[in-house]
Amino acid sequence: MALAIVRLRHLFAVVMLSGIYSLLSAGIFVQLDAVDVAFTEAAVGAGITTILMLGTLALTTDIERPPVQRQWLPLVVVLATGAALIYGTLDLPLLGDPNAPANLHVAPRYIEESGQEVGVPNIVTSVLASYRGYDTLGEVTVIFTAGVGVLVLLGGTRRRRQGKDRT
Amino acid sequence: MIEPGLYNYWIVVILMMAGFFIVMSHGNLVKKIVGLNIFQTSVFILYISLSKVSDATAPILDEAYSEYSNPLPHVLILTAIVVGVATSALGLALIVRIREAYGTVEEDEVIAQDPDL
Amino acid sequence: MRHHLVLRVVAKLLIPFILVFALYVQFHGDYGPGGGFQAGVIFAAGFILYGLIFGLDQVKKVAPPVLIEILIAAGLLLYAAVGVAGILLGSTYLDYDVLRQDPVAGQHLGILLIEFGVGTTVAAVMITIFYNFAGRGREDR
């Protein structure tokens, strides 16, 4: 799917494919037990992002110009980086290993104690909102800033233009 | 059922490199954002696959289960997805402004029009 | 889009359910999958669908941009205010245990409030982004 996106130059098809790709990755997340994440990915990736991309295409153009320069340099860089990363994965824990370092640090405490301490069955919610509430505050601030940024970039000129009309 | 193995990382690497290749080799800015999204999703899959525990269930407490997957990466990625769409929207807004200023969304045409870049 | 009868009827049928489902996800996030982030996105999707089918002017009548822009800040402020409430009640920032007599009830209240703040901000930001992208397109034509 991703490889098709690399080749296609018709951007409308690219956007549709990336929506489907999002939905597929939501399926992967369900398979990996991350129901909350899958839910978000399906709603955000397949829904909102696709609409935004289409909105942008409507404002710009939907055909990509054929590339002029040869693409061997990026390809070499990508292959080298990919090979290095694959070499790095050989030391990583196997998929589903309960003794992987990531699963032994603070996670057991969250799983065992959050039932009594927070009293919310969904551990993801209790970690998100309570144990790591400060992080989530930061995330919401980032979203707030992005929203303000879009307003400044796209909404600001509209008002200025109206102001000019009035004078 | 999911077999143990390293193949999840290889899928992540392939997806990541596909996104990386798009970002580097394509001049079209919308395509670059799509490439970044693919790259981003590959990182999400990496984190979520790290949190998977064999024979465990989703981290919602219930009497019937005792083994749960690691909830912490889920939290990180959950917020990262929403932040990701907000930042993509910001990038797309910038593209719209670039299109209005230069009349094109191809990177080299923008550079050709503006000698200061 | 204004002339597609099937789209209009189906959208009218679906939008109330989308909004109710978003509220369910918002307030049921403690017990099942869900929470402020997802609920905000789904809620915004309901409005965006309305805007796509019935036009931007109609949806702006239902949810005026000024109100939405206020809600962006209100959600974030609600979140921060819950943290400050923890300080005022003699504990640390974002510690919900002191919001009620019983720590667990306090945690419940705190999580409910900040999830609501998150949902408000996320929904408002998504609707704002949609307004700006869609509004920009019509002016140029």
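Refer to the structure above for everything that follows.
Residues numbered from 1 in each chain as written. Chains lettered and ligands numbered in written order. Predicted model: local features only at pLDDT ≥ 70, side-chain atom pairs only at ≥ 80, totals over all residues. Heavy atoms only, no water.

Go over the overall build of chain C with me, naming the residues and quoting the values.
Across its full length, chain C holds five helices and zero strands. Reading the secondary structure of chain C in the N-to-C direction produces α-α-α-α-α. The burial tally for chain C puts 46% of its 141 residues in the buried class. A fraction of 61% describes how many contacts in chain C between residues 6 or more apart in sequence connect residues 24 or more apart. (Helix = DSSP H or I, 4+ residues; strand = E, 2+ residues; numbered from the N terminus. Buried < 20%, exposed > 50% of the residue type's maximum accessible area, 1.4 Å probe, protein only. Contact = heavy atoms within 4.5 Å.)

Residues and numbers for the overall build of chain B, please.
The secondary structure content of chain B amounts to four helices and zero strands. When the elements of chain B are put in sequence order from the N terminus, they spell out α-α-α-α. Residue burial in chain B is summarised as follows: out of 117 residues, 59% are buried. Counting only contacts in chain B whose residues sit at least 6 apart along the sequence, the fraction spanning at least 24 positions is 43%. Total accessible area computed for chain B in this model is approximately 4,700 Å², and 62% of it derives from carbon and sulfur atoms. (Areas by Shrake-Rupley, 256 points an atom, 1.4 Å probe, with all protein chains shown as cover.)

Describe the interface of chain A and chain C, with residues and values.
In this complex, chain A contributes 44 residues to the contact, which on the side of chain C involves 45 residues. Summed over both sides, the interface between chain A and chain C buries roughly 3,900 Å², with carbon and sulfur atoms accounting for 72% of that surface. Here chain A and chain C share zero salt bridges between them. At the boundary of chain A with chain C, the tally comes to two residue pairs in polar contact (both at pLDDT 80 or more). Elements that contribute at least two residues to the side of chain A that touches chain C include exactly helix H3 (35-59), helix H5 (107-117), helix H6 (123-131) and helix H7 (133-166) of chain A. If one sorts the elements of the side of chain A that touches chain C by residue count, H7 of chain A sits on top with 19 residues. Among the residues making up the side of chain A that touches chain C, the classes are represented as 23 nonpolar, 15 polar and six charged. (Buried area = accessible area lost by both parts, 1.4 Å probe. Salt bridge = Lys/Arg side-chain N within 4 Å of Asp/Glu carboxyl O. Polar contact = N/O pair within 3.5 Å; in protein donor to acceptor, adjacent residues only side chain to side chain. Nonpolar A, V, L, I, M, F, W, Y, C, P; charged D, E, K, R; others polar.)

Any chance you could break down the packing of helix H2 (residues 29-51) of chain B against helix H3 (residues 71-102) of chain B for me, citing the residues and the numbers?
Residues and elements named next belong to chain B. Between H2 and H3, the shortest axis-to-axis distance is 11 Å and the interhelical angle comes to 175°. Comparing the axis directions of H2 and H3 gives the class roughly antiparallel. Residue-level contacts link Leu29, Val30, Ile33, Asn37, Gln40, Phe44, Tyr47, Ile48 and Ser51 of H2 to Pro73, His74, Leu76, Ile77, Ala80, Ile81, Gly84, Ser88, Gly91, Leu92, Ile95 and Ile98 of H3. Class assignment for the residues of the contact of H2 with H3 results in 14 nonpolar, seven polar and no charged. (Axes fitted to C-alpha atoms, helices over the stretch in contact; angles between N-to-C directions. Parallel < 35°, antiparallel > 145°, perpendicular 65-115°, else oblique.)

Please give an account of the interface of chain B and chain A that cites residues and values.
In this assembly, 72 residues from chain B lie in contact with 79 residues from chain A. Both sides of the chain B and chain A interface together cover about 7,100 Å² of buried area, and 76% of this is carbon and sulfur. Where chain B meets chain A, there are zero salt bridges. At the surface where chain B touches chain A, the tally comes to two residue pairs in polar contact (both at pLDDT 80 or more). The set of elements that each furnish at least two residues to the side of chain B that touches chain A consists of helix H1 (7-25), H2, H3 and helix H4 (107-113) of chain B. Sorting elements by how many residues they give to the side of chain B that touches chain A places H3 of chain B first, with 21 residues.

Go over the side chain of Gln38 of chain C with me, naming the residues and quoting the values.
Following the sequence through the fold, Gln38 of chain C ends up in helix H2 (residues 36-54). Within the local environment of Gln38 of chain C, its side chain forms a polar contact with the side chain of Thr40 of chain A, the two groups lying 3.3 Å apart. Setting aside chain neighbours within four positions, we find Gln38 of chain C in contact with Asp36, Phe39 and Thr40 of chain A, Leu78 of chain B together with Val25 of chain C.

Just give me the short version of H1 of chain B, but keep the residues and values in it.
In a regular helix each residue adds 1.5 Å, so 19 residues correspond to 27 Å; H1 of chain B covers 27 Å between its end C-alpha atoms and thus fits that length. When H1 of chain B is considered as a whole, its buried residues turn out to be Asn8, Tyr9, Val12, Val13, Leu15, Met16, Met17, Ala18, Gly19, Phe21, Ile22 and Ser25 of chain B. (Expected span 1.5 Å × (residues − 1).)

Residues and numbers for the environment of Asp95 of chain C, please.
All names here are of chain C. Considering the arrangement of structural elements, one finds Asp95 in the loop between helix H4 (65-88) and helix H5 (103-140). Judged by relative accessible area, Asp95 falls into the partly exposed class, the value being 22%. Through-space distance from the C-alpha of Asp95 to that of Val84 is 9.3 Å; in sequence the pair is 11 residues apart.

If you had to explain the side chain of Thr50 of chain A to someone new, which residues and values would you point to?
All names here are of chain A. With respect to the helices and strands, Thr50 occurs in helix H3. For Thr50, a relative accessible area of 10% translates into the label buried. Leave out the neighbours within four places in its chain, and Thr50 touches Val15, Met16, Gly19 and Gly45.

Describe the packing of aromatic side chains, with residues and values.
Evaluated as defined, the whole model comprises seven aromatic pairs over all chains. Both rings, one in Phe21 of chain C and one in Tyr24 of chain C, keep their centres 6.3 Å apart while their planes meet at 25°; by these two values the pair is stacked. You can see Phe21 of chain C and its partner Tyr24 of chain C sitting in helix H1 (residues 5-27), three residues apart, about one turn around the helix. Seen in terms of ring centroids, Phe27 of chain C and Phe116 of chain C are 6.1 Å apart; in terms of plane orientation they differ by 20°. Their pairing is stacked. You can see Phe27 of chain C sitting in helix H1 and its partner Phe116 of chain C sitting in helix H5, a full 89 residues away along the chain. A relative accessible area of 40% places Phe27 of chain C in the partly exposed class. Taken together, the ring pairs in this structure connect Phe39 of chain A together with Phe21 and Tyr24 of chain C into an aromatic cluster. Over the ring of Tyr131 of chain C we find Lys60 of chain C; its NZ or CZ atom is 5.4 Å from the centre of that ring. (Phe/Tyr/Trp six-rings, centres within 6.5 Å; stacked < 30°, edge-to-face > 60°. Lys NZ or Arg CZ within 6 Å of the ring centre and 35° of its normal.)

So, the nonpolar core: which residues are in play, and what are the values?
Phe29, Leu52 and Ile143 of chain A together with Phe37, Val122, Tyr131 and Phe133 of chain C are the most contacted members of the largest nonpolar core, which has 95 residues in total. Sort the elements by how many residues they give to this core and H3 of chain B lands first, with 14 residues. Contact partners of Phe133 of chain C, with chain neighbours within four places excluded, come to Leu52, Gly55, Thr56, Leu59, Val150 and Leu154 of chain A together with Ala89, Leu92, Ala93 and Val96 of chain B. (Core = buried A, V, L, I, M, F, W, Y, C linked by side-chain atoms within 4.5 Å.)

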